[in-house]
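An overview of the molecular structure
Listed below are the residues making up each chain.
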Amino acid sequence: MRMTVSEILAEFPKLRVLVVGDVCLDRWCRYDPALADPSRETGIPRVGVVSTEVTPGAAGTVASNVAALRARVAVLGLLGTDSFGYELEQALEARGIESHLLVRAQGVSTFTYTKLINCNTGREDLPRIDFVNTRPVREELDRELVGRLQEVAPDYDVILVSDQAETDAGGVVTPAMRAALAGIAADHPRIVIWGDSRMRSEHFRGVIVKPNLFEAKAACRRAFGRIDYRELRRLTESPLLVITRGANGALLIGADVATWVKARRIENPVDICGAGDSFSAGAALALKVTGDSIAAARFGNLAASVTIMKKGTGTASPEEVLKAETSL
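Here is a short report on the structure shown in this document. (Residues numbered from 1 in each chain as written. Predicted model: local features only at pLDDT ≥ 70, side-chain atom pairs only at ≥ 80, totals over all residues. Heavy atoms only, no water.)

Quick notes on helix α4 (residues 139–152)
The end-to-end C-alpha distance of α4, which contains 14 residues, comes to 20 Å, matching closely the 20 Å that a straight helix rising 1.5 Å per residue would cover. Along α4, the positions that sit buried rather than exposed are L141, D142, L145, V146, L149 and V152. Angularly, the buried residues of α4 cover 145° about the axis, an arc narrow enough to put them on a single face. Exposed side chains of α4 directed beyond 90 degrees from the buried face belong to E139, R143 and E151. Tucked into the core, α4 has its buried residues touching β1 (16–21), β4 (72–76), β5 (78–80), β6 (103–105) and α5 (175–187). (Helix = DSSP H or I, 4+ residues; strand = E, 2+ residues; numbered from the N terminus. Expected span 1.5 Å × (residues − 1). Buried < 20%, exposed > 50% of the residue type's maximum accessible area, 1.4 Å probe, protein only. Arc of directions from axis to C-beta. Contact = heavy atoms within 4.5 Å.)

What to know about the packing of aromatic side chains
In the structure shown here, the tally under the stated rule is 4 aromatic pairs. Measuring from ring centre to ring centre gives 4.8 Å for F84 and F131, while their planes differ by 65°; the resulting arrangement is edge-to-face. Taken together, the residues F84 in helix α3 (residues 83–94) and F131 in strand β8 (residues 129–131) connect sequence positions 47 residues apart. Note on F131: relative accessible area 31%, which makes it partly exposed. Considering the side-chain rings of W194 and F279, the 6.4 Å spacing of their centres and the 50° angle between planes classify their relative orientation as tilted. Of this pair, W194 sits in strand β10 (residues 192–197) while F279 sits in helix α8 (residues 275–290), and the two are 85 residues apart along the sequence. Residue W194 shares its accessibility class with F279, and that shared class is buried. The ring of Y156 carries R16 above its face, with NZ or CZ at 4.6 Å from the centroid. Above the face of the Y113 ring, R128 is positioned so that its terminal group lies 4.0 Å from the ring centre. (Phe/Tyr/Trp six-rings, centres within 6.5 Å; stacked < 30°, edge-to-face > 60°. Lys NZ or Arg CZ within 6 Å of the ring centre and 35° of its normal.)

Side note on the nonpolar core
By size, the foremost hydrophobic cluster in this structure holds 55 residues, and its most contacted members are F12, V17, L160, W194, L285 and F299. Broken down by element, the residue count for this core peaks at 9 residues, all from α8. Filtering out sequence-adjacent residues up to four positions away, F299 remains in contact with V5, I8, L9, F12, L69, G282, A286 and V321. Formed by 40 residues, the second largest nonpolar core is a distinct cluster that contains V20, I159, M177 and I193. (Core = buried A, V, L, I, M, F, W, Y, C linked by side-chain atoms within 4.5 Å.)

Some words on unusual backbone geometry
One non-glycine residue, A58, lies in positive phi territory at about 50°. Relative to the helices and strands, A58 is located in strand β3 (residues 49–58). In this structure A58 comes out as buried when scored by relative accessible area, which is 8%. Its identity is not glycine, yet E237 carries a phi of approximately 55°, on the positive side. Relative to the helices and strands, E237 is located in the loop between α7 (229–236) and β12 (241–244). A residue is classified by how much of its surface remains accessible, and E237, at 54% relative accessible area, is exposed.

Considerations on the pattern of salt bridges
In the structure shown here, the tally under the stated rule is 19 salt bridges. One salt bridge in this structure joins E166 and R198, with 2.7 Å as the shortest N-O distance. Of this pair, E166 sits in the loop between β9 (158–163) and α5 while R198 sits in the loop between β10 and β11 (208–209); the two residues are 32 residues apart in sequence, bridging distant segments of the chain. Taking relative accessible area as the criterion, E166 reaches 48% and is therefore assigned partly exposed. Using a relative accessible area of 30% as the deciding quantity, one classes R198 as partly exposed. Close ionic contact of D196 with K210 constitutes a salt bridge, the shortest N to O distance being 3.8 Å. With a gap of 14 residues between them, D196 in strand β10 and K210 in the loop between β11 and α6 (213–224) connect regions that are remote in the sequence. Each of the two residues, D196 as well as K210, counts as buried. (Salt bridge = Lys/Arg side-chain N within 4 Å of Asp/Glu carboxyl O.)

What to know about the packing of α6 against α7
Look at α6 against α7: their axes get within 10 Å of each other, and the N-to-C directions meet at 70°. Judged on the interaxial angle alone, α7 and α6 are roughly perpendicular. In this structure, α6 contributes L213, A216, K217, A219, C220, A223 and F224 to the contact, and α7 contributes Y229, E231, L232 and L235. Taken together, the residues of the contact of α6 with α7 sort by class into 9 nonpolar, no polar and 2 charged. (Axes fitted to C-alpha atoms, helices over the stretch in contact; angles between N-to-C directions. Parallel < 35°, antiparallel > 145°, perpendicular 65-115°, else oblique. Nonpolar A, V, L, I, M, F, W, Y, C, P; charged D, E, K, R; others polar.)

Brief notes about α3
Taking 1.5 Å as the rise per residue, α3 with 12 residues should run 16 Å; its terminal C-alpha atoms sit 17 Å apart, in good agreement. Residues of α3 that are buried include every one of F84, G85, L88, E89, A91 and L92, and no others. Along the axis of α3, the buried positions cluster into a sector of 165°, meaning they face one direction only. Opposite its buried face, α3 presents the exposed residues S83, Y86 and A94, each directed more than 90 degrees away. Taken from the residues just after α3, G96 is the one with a positive phi, measuring 75°.

Next up, the structure:
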């Protein structure tokens, strides 16, 4: 008998979840255009920030969604010893996300997005200021991150992998990290390992792979010069390839069958940023609880339908998920 949404939610507090990858700091800076006085030194108008809110981003957004669904969650990633690293730790702790597995390193810039919001309109209307690492993760840091993953992985029920870096150098999810994840998947089949990558989906092996439609097409073209999702699943040796298509739902491709799982239709979504992260968090947890990929995708779609009605990278609480389900 298929579990109800309420029954699925009731199981989440029993789960231990690890989010691995590029943990980011989102800084939401509200500025007042009236304060754009020219600099006395350069004559360039300043951006007068009047307030700042910080939230975990990238892998931190995934972890925030897991925490909102009331599972126990920790993050494993890399941050600098800069002030942004301190702000990120505070933001994680404020949401009940365990940060003890983070590796802190000198000479590393904490992955940070600074978003400038016009306080009169509430819109992000100036270029974002990003603090990124353009060099590969140092070898000793890569070894430490992989070592921590291999040591703690057996303690978790679900491992969510967030490969968000868009530079050629990549981020925390290195070839060594992907190889370790493949080994963990082989040695511990009870663990749901769910990989989400913006630019490297085709390089994962033996784990669930979840690209969106654009990412899946790009991965196919890089790997074999044509769009063939079944071949992408075979290449990655994935037990399940999940291709999300926003409002159109998700395509599930397994070893034998492909299944289309429709999403709840939302008119005039407020902000689709982070919808894929909320889908992944909800679907991966639901898959662990139910063992049913269709039920998992339905739950992921439901969670995403809540977060797209919020500004920024929102989360979905159990109460909000239940309310959304009743409106279907």
